[in-house]
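So the chains spell out like this:
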Amino acid sequence: MKKGLIAINKYFKNAALFNQCEALRRAFAARGVEINAVPTADLGLRIEGESVRADLPPCDFCIFLDKDVNAALMLEKCGVKLFNGAEAIRLCDDKMLTFIALSGAGIRMPETVPAPLMYAENDDAAFLDKTAARLGFPVVVKKAYGSMGAGVFLAENREKMGEYFEKFRLFPHLYQKFIGRGGEDLRIVTVGGKVAAAMRRVNRGDFRSNIERGGTGERVLPTAAQIFIAERASGILKLDYAGVDILSDETGDYLCEVNSNAFFGGIARAAGIDVADAYAEEIYGKIYRGM
Ligand code: ADP
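Since the structure is predicted, the reported quantities are computational estimates derived from the model, not experimental observations.

Asker: Help me out: how do you make sense of the packing of aromatic side chains in this one?
Answerer: The geometry of an aromatic ring pair comes down to the distance between the two centres and the angle between the two planes. Inspection of the entire model under this criterion finds twelve aromatic pairs. Consider the rings of F61 and F83, whose centres lie 6.3 Å apart with planes at 80°: the pair is edge-to-face. Of this pair, F61 sits in the loop between β4 (51-53) and β5 (62-64) while F83 sits in strand β6 (residues 82-83), and the two are 22 residues apart along the sequence. We classify F83 as buried; its relative accessible area is 1%. Clustering of aromatic rings is evident, with ring pairs tying together F28, F61, F83, Y284 and Y288. Taking NZ or CZ as reference, R108 lies 3.9 Å from the ring centre of Y254, over its face. The ring of F153 is capped by K167, whose NZ or CZ atom sits 5.8 Å from the centre of that ring.

Structure representation (structure tokens):
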């Protein structure tokens, strides 16, 4: 019997994640592959003697829907083929690492200044003044790690920017030029590095267009320039599956972020595309047909 695992985070209870697992389970069942969803924390991952060990059910591959990079790396050390791979997840999880990895590849990104590493609650008005002069207001303040818009904020002026700095200075975060009118972006899902679905997300009540923050999605046909950004970013980051977010203004498009673990229920509905089936086909081809 062909078997696959889905690794999920044990402590993240979410209906979209549950639906994602079920959709993938059905898509694989249609191909004769049994899928077992397991919490990463229950895999018994450990260093034992000189090796990484795990208590793994039999599997030909693992769809890693957790973001625990250590666990992903350890599973790969145990010889498990992961979708997405550990390095791709690591690069996407940290928004600054993503931009650094994609720099120099012909992909325009919003002007971004990383906060310096701080060991104590220091002040640095000179850093903030310089960053404010470079990026203007309003300025976007983001935690390096975060999703569903939860770590993304807007500072309208220098005073607000200072307040965010005080809140976040001991955590990796960044300052970014505000692009467009706010509350609008394009989400493209790639599978196997190729565009599979796209939707325009609009949120009239918040500058963050995330569906989880009240945004709604509608099907769009991406332009050639947007397809280039999505496919080039997915290729460089070696993502089997990706959610690529693109911001636009009158001068063109900017890559906003790349998600290795994007939920696909919203875009599947908006674009009328069976993303689970496309992803299952991609994985099946790689594992069982050696493609
Ligand atoms: P998350 O991973 O939490 O979704 P994002 O970086 O994608 O974080 O930001 C969430 C949303 O906030 C984006 O989808 C977009 O609508 C808005 N946003 C993020 N960065 C900018 C920016 N530089 N300018 C304008 N809007 C932005």
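Asker: Could you clarify how one ought to interpret unusual backbone geometry in this entry?
Answerer: Apart from glycine, the bulk of residues carry a negative phi angle, and the bulk of peptide bonds sit in the trans form. The residue after F83, namely N84, is reached through a cis peptide bond having omega -10°. Along the chain, N84 turns up in the loop between β6 and α3 (86-93). Look at the link from F137 to P138: it is a cis peptide, with omega at 0°. Mapped onto the elements, P138 comes out in the loop between α5 (125-135) and β8 (139-143). Non-glycine residue M148 carries a positive phi angle of around 60°. Although it is not a glycine, K238 adopts a positive phi angle of roughly 55°. By the element assignment, K238 lies in the loop between α7 (224-236) and β14 (241-249). Its relative accessible area of 66% is what places K238 among the exposed residues.

Asker: Whenever I open this one, the sheet that holds strand β1 (residues 2-8) confuses me. Can you help?
Answerer: The strands making up a sheet associate through backbone hydrogen bonding, with each pair oriented either parallel or antiparallel. Judged by pairing direction, the sheet is parallel, and its four strands sit side by side in the order β2-β1-β5-β6 without closing on themselves. Each edge of the open sheet is held by one strand with a lone partner, namely β2 (33-39) and β6.

Asker: Can you help me understand the packing of helix α2 (residues 69-77) against α3 in this one?
Answerer: A pair of packed helices is captured by two measures, namely the crossing angle of their axes and the spacing between those axes. Look at α2 against α3: their axes get within 9 Å of each other, and the N-to-C directions meet at 165°. Here α2 lies roughly antiparallel to α3, going by the angle between them. Once α2 is placed against α3, the crossing between them reads as left-handed. Facing α2, whose interface residues are V69, A72, L73 and E76, α3 presents A86, I89 and R90. When grouped by side-chain class, the residues that make up the contact of α2 with α3 number five nonpolar, no polar and two charged.

Asker: Explain the site of the ligand here, please?
Answerer: Not every one of the 23 residues close to the ligand is listed here, only the nearest: K95, K142, G149, S209 and E257. Within the side chain of Q176, one N or O atom sits 3.0 Å away from a nitrogen atom of the ligand. Contact distances for the ligand include 2.7 Å between an oxygen atom and a side-chain N or O atom of E257. In the complex, the protein chains occlude 99% of the 540 Å² of accessible area that the ligand would expose alone. Those elements that place two or more of their residues in the shell around the ligand are β8, β10 (173-177), β14 and β15 (252-259). Summarising the domain contributions, the shell around the ligand has at least three residues from each of domain 2 (91-108 + 181-274) and domain 3 (112-177).

Asker: Can you help me understand the environment of A197 in this one?
Answerer: Within the secondary structure, A197 is located in strand β12 (residues 194-202). You can call A197 buried: its relative accessible area is 3%. When the C-alpha atoms of A197 and A271 are compared, they prove to be 6.2 Å apart, with 74 residues separating the residues in sequence. Not counting the four nearest positions on each side in its chain, A197 is found in contact with R187, I188, V189, I267, A271, I273 and V275.

Asker: For this particular structure, what's the right way to read the side chain of K142?
Answerer: Within the secondary structure, K142 sits in strand β8. Among buried Asp, Glu, Lys and Arg side chains, K142 stands out as unpaired, with E257 the closest opposite charge at 6.5 Å. Among the polar contacts made by the side chain of K142, one reaches the side chain of Q176 at a distance of 2.9 Å. The contact partners of K142, leaving out residues within four places of it in the chain, are K95, G151, V152, H173, L174, Q176 and C256.

Asker: Which parts of the structure should I look at to understand the nonpolar core?
Answerer: Side chains of nonpolar character tend, in soluble globular proteins, to be buried together. Membership of the largest hydrophobic core comes to 30 residues, with the highest contact counts inside it found for L24, F28 and I63. At the level of secondary structure, the elements contributing two or more residues to this core comprise β1, α1 (15-29), β2, β11 (184-191), β12, α8 (265-271) and α9 (275-288). Counting residues domain by domain, this core receives three or more from each of domain 1 (2-83) and domain 2 (91-108 + 181-274). If we ignore the near neighbours within four places in the chain, the residues touching I63 are L5, I6, A7, L24, F28, F83, Y279 and I283. Grouped together as the second largest cluster of nonpolar side chains are 20 residues, M109, A233, A242 and L255 included.

About the cut-offs
- Residues numbered from 1 in each chain as written.
- Predicted model: local features only at pLDDT ≥ 70, side-chain atom pairs only at ≥ 80, totals over all residues.
- Heavy atoms only, no water.
- Phe/Tyr/Trp six-rings, centres within 6.5 Å; stacked < 30°, edge-to-face > 60°.
- Helix = DSSP H or I, 4+ residues; strand = E, 2+ residues; numbered from the N terminus.
- Buried < 20%, exposed > 50% of the residue type's maximum accessible area, 1.4 Å probe, protein only.
- Lys NZ or Arg CZ within 6 Å of the ring centre and 35° of its normal.
- Pairing = 2+ DSSP bridges.
- Axes fitted to C-alpha atoms, helices over the stretch in contact; angles between N-to-C directions.
- Parallel < 35°, antiparallel > 145°, perpendicular 65-115°, else oblique.
- Left-handed = near helix turned anticlockwise from the far one by under 90°.
- Contact = heavy atoms within 4.5 Å.
- Nonpolar A, V, L, I, M, F, W, Y, C, P; charged D, E, K, R; others polar.
- Near = heavy atom within 4 Å.
- Polar contact = N/O pair within 3.5 Å; in protein donor to acceptor, adjacent residues only side chain to side chain.
- Areas by Shrake-Rupley, 256 points an atom, 1.4 Å probe, with all protein chains shown as cover.
- Domains from an automatic or database assignment.
- Lys, Arg positive; Asp, Glu negative; His and termini not counted.
- Salt bridge = Lys/Arg side-chain N within 4 Å of Asp/Glu carboxyl O.
- Core = buried A, V, L, I, M, F, W, Y, C linked by side-chain atoms within 4.5 Å.

Honestly, that's just the spatial picture; any functional story needs more than this.
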